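Architecture and fold: a report
Below are the chains, spelled out letter by letter.
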Amino acid sequence: MYDLMDSNGDYTHFYFCYRWFLLDFKRELVYDDVFATWEVIWAAKHIASGHFVLFLALALLETYRDIILSNSMDFTDVIKFFNEMAERHNAQAVLQLARSLVLQLQMIIENK
């Protein structure tokens, strides 16, 4: 995925995630899932990572990785795609993937 991002005008700065962070995922998820996501973010700050929102963003990208790659999406396409996907994400699956990504990083750090 990095190669695609780099080759299409370098959108590795992830500005398309800006809205997610600015609005705390309020536009990305349905109402009930927003509260569950906030609770996980707040709890993760104390037990896993103070930067859980970054893992959540990575989980969203990873969830749609194959679609992004198969369509060779550029920066504008990614923004449009996630705008169209607003409130259609499986929040529980994304949260579980984010947790798994945190654990993977923790294992890498511990095994150094």
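As shown above, the structure is provided for reference.
In what follows, the accompanying structure is described. Just so it is clear, the structure is predicted and the values come from calculations on it, not from any experiment. (Residues numbered from 1 in each chain as written. Predicted model: local features only at pLDDT ≥ 70, side-chain atom pairs only at ≥ 80, totals over all residues. Heavy atoms only, no water.)

The backbone of Phe 25 shows a phi angle near 65°, a positive value even though the residue is not glycine. Relative to the helices and strands, Phe 25 resides in the loop between α2 (18-22) and α3 (31-47). Exposure remark for Phe 25: the relative accessible area of 2% places this residue in the buried category. One non-glycine residue, Glu 87, lies in the positive phi region at around 65°. Mapped onto the elements, Glu 87 comes out in the loop between α6 (75-84) and α7 (91-110). A residue is classified by how much of its surface remains accessible, and Glu 87, at 49% relative accessible area, is partly exposed. (Helix = DSSP H or I, 4+ residues; strand = E, 2+ residues; numbered from the N terminus. Buried < 20%, exposed > 50% of the residue type's maximum accessible area, 1.4 Å probe, protein only.)

Under the defined criterion, the tally for this structure stands at one cavity of 30 Å³ or more. Every residue along the wall of the largest cavity is listed here: Phe 25, Leu 29, Thr 37, Leu 56, Leu 60, Ala 91, Val 94 and Leu 95. If you list the elements that add at least two residues to the lining of the largest cavity, you get α4 (52-63) and α7. When residues of the lining of the largest cavity are assigned to their parent elements, the largest contribution, three residues, is made by α7. A breakdown of the residues in the lining of the largest cavity according to their chemical character gives seven nonpolar, one polar and no charged. (1 Å grid on protein atoms, 1.4 Å probe; cavity = no way out; pocket = protein on both sides within 12 Å on 5 of 7 lines; lining within 4 Å. Points joined across faces, edges and corners; volume = space filled by probe spheres on them. Nonpolar A, V, L, I, M, F, W, Y, C, P; charged D, E, K, R; others polar.)

The next point concerns the layout of surface pockets. Any empty space left between atoms is shown by rolling a water-sized probe over those atoms. When its volume is computed, the largest pocket comes out at roughly 210 Å³. In terms of lining residues, the largest pocket is bounded by 13 residues, among which Val 40, Ala 44, Phe 52, Leu 95 and Arg 99 are the most central. Elements that contribute at least two residues to the lining of the largest pocket include exactly α3 and α7. When residues of the lining of the largest pocket are assigned to their parent elements, the largest contribution, seven residues, is made by α7. For the lining of the largest pocket, the residue count by class is nine nonpolar, three polar and one charged.

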